Structure formats: structure tokens, C-alpha cells
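# Summary of structural features
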Amino acid sequence: MSDATGHGMLMTTVSARADAVRIADILIGEKLAACVQMMPVESFYVWDGKKQNAAELLLLVKTRTGLFEAAIARIKAVHPYEVPEIVATSFTAGFAPYLAWIDAATDG
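For the structure given in this document, a descriptive report is provided here. Residue numbering note: each chain is counted from 1, following its sequence as written. This being a predicted model, a pLDDT of at least 70 is required before a residue's local features are given, and a value of 80 or more before pairs of side-chain atoms are given or counted; all residues contribute to the totals for chains, interfaces and linings. Remark: hydrogens and water are excluded; side-chain values derive from all non-hydrogen atoms of the structure.

### What to know about the overall build of the chain
Put simply, DSSP H or I for four residues or longer makes a helix, DSSP E for two residues or longer makes a strand, and each gets a number counted from the N terminus. Secondary structure summary: the chain contains 3 helices and 6 strands in total. Each helix and strand of the chain, ordered N terminal to C terminal, gives the series β-β-α-β-β-α-β-β-α. Atoms considered for the radius of gyration are the C-alpha atoms alone. The globule rule reads 2.2 Å times the number of residues to the power 0.38. The C-alpha radius of gyration computed for the chain amounts to 14 Å, which stays within 12% of the reference 13 Å derived for 108 residues, consistent with globular compactness. Reported as C-alpha extents along the three principal axes, the dimensions of the chain are approximately 45 × 25 × 20 Å. Burial here depends on accessible area, computed with a 1.4 Å probe over protein chains only, as a share of the maximum for the residue type. Under 20% is buried, over 50% is exposed, and the range in between is partly exposed. Looking at the 108 residues of the chain, the share that counts as buried comes to 38%. Residue contacts are defined here by distance: any two heavy atoms, one from each residue, within 4.5 Å place the two residues in contact. Considering only residue pairs separated by 6 or more positions, the chain has 75% of its internal contacts joining residues 24 or more positions apart.

### With respect to unusual backbone geometry
Within the chain, Lys 31 stands out as a residue other than glycine whose phi angle is a positive 60°. Its place among the elements puts Lys 31 in the loop between α1 (17-29) and β3 (35-47). A residue is classified by how much of its surface remains accessible, and Lys 31, at 43% relative accessible area, is partly exposed. Look at Asp 48: it is not a glycine, yet its phi comes out positive at around 55°. Relative to the helices and strands, Asp 48 resides in the loop between β3 and β4 (50-64).

### Notes on the packing of aromatic side chains
Any pair of Phe, Tyr and Trp rings, taking the six-membered ring for Trp, is counted once the centres come within 6.5 Å. Such a pair is stacked with planes under 30 degrees apart, edge-to-face with planes over 60 apart, and tilted for the rest. Summed over the entire model, instances satisfying the criterion amount to 1 aromatic pair. Seen from their ring centres, Tyr 98 and Trp 101 are 5.5 Å apart, and the 35° between their planes marks the pair as tilted. Linking Tyr 98 with Trp 101, this pair stays in helix α3 (residues 96-105), spanning 3 residues, or about one helical turn. Its relative accessible area of 31% is what places Tyr 98 among the partly exposed residues.

### Digging into a nonpolar patch on the surface
Patches draw on residues past 30% relative accessible area with no salt bridge. Two like charges within 9 Å are joined, as are two nonpolar side chains (Val, Leu, Ile, Met, Phe, Trp, Tyr) within 5 Å. Accessible surface is estimated by sampling points in the Shrake-Rupley manner with a 1.4 Å probe; for residues, cover comes only from the protein chains shown. The rule for a salt bridge is simple: a side-chain nitrogen of Lys or Arg has to be within 4 Å of a carboxyl oxygen of Asp or Glu. Together, Met 1, Phe 95, Tyr 98 and Trp 101 make up an exposed nonpolar region whose accessible area comes to about 510 Å². By the secondary structure assignment, Met 1 is in the segment before β1 (2-3).

Listed below in C-alpha cells is the structure:
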């Protein structure tokens, strides 16, 4: 394993596949992400003071930490939710060739 400083992942959720595909396409197309994975999840949360339960799609956005701000801003600009989940985490270690691929596939 290699030091993965400078690489990480953003996470966001959406309710519709079309929104997930649109966000992934934008991030990849603008080289803000090297990879976006999509998986179904069931979310439990409180909104407007009421307990909620909804099927959603979780997007895992692999990128460089230097692109976090730009990618977060881009997701926020096209996200259909009033208050979308957009969170980031840095990697601590990773497979060096994969990290190099992230670098090559993203802008900067």
C-alpha cells in the first residue's frame, strides 16, 4: 500500500437514477472525478421534524482532495435536493497504480 495523501472520496445521495447518472456524467466529463460508483441504499432520517424512510442511490466519487471544493460546488449546483448530503473523506492508504490512475483521469 502507498500513502494516499491527496486522494479521497465524496459521497452524495439522490432518489432518482436519472439524477445519479447526470451527476456522475458531469463529474467524469469535467474531470472532477476519476470514478463514480452508484449503489442502492435505504435511508432513515429526520426531515421537517418527521422521521423519514426512503430508497436512494449512494454515489461514491473517487477524486483528488484538491478537487473536493470544485466537485462539491458542482454537485450542489445540479443536485435536486434542497439540502443534499455532500461529504468528503480523505484516503489514508491505497494501491499506487489506482491512485496514479485517479491523478491521470482528473483535471490538474
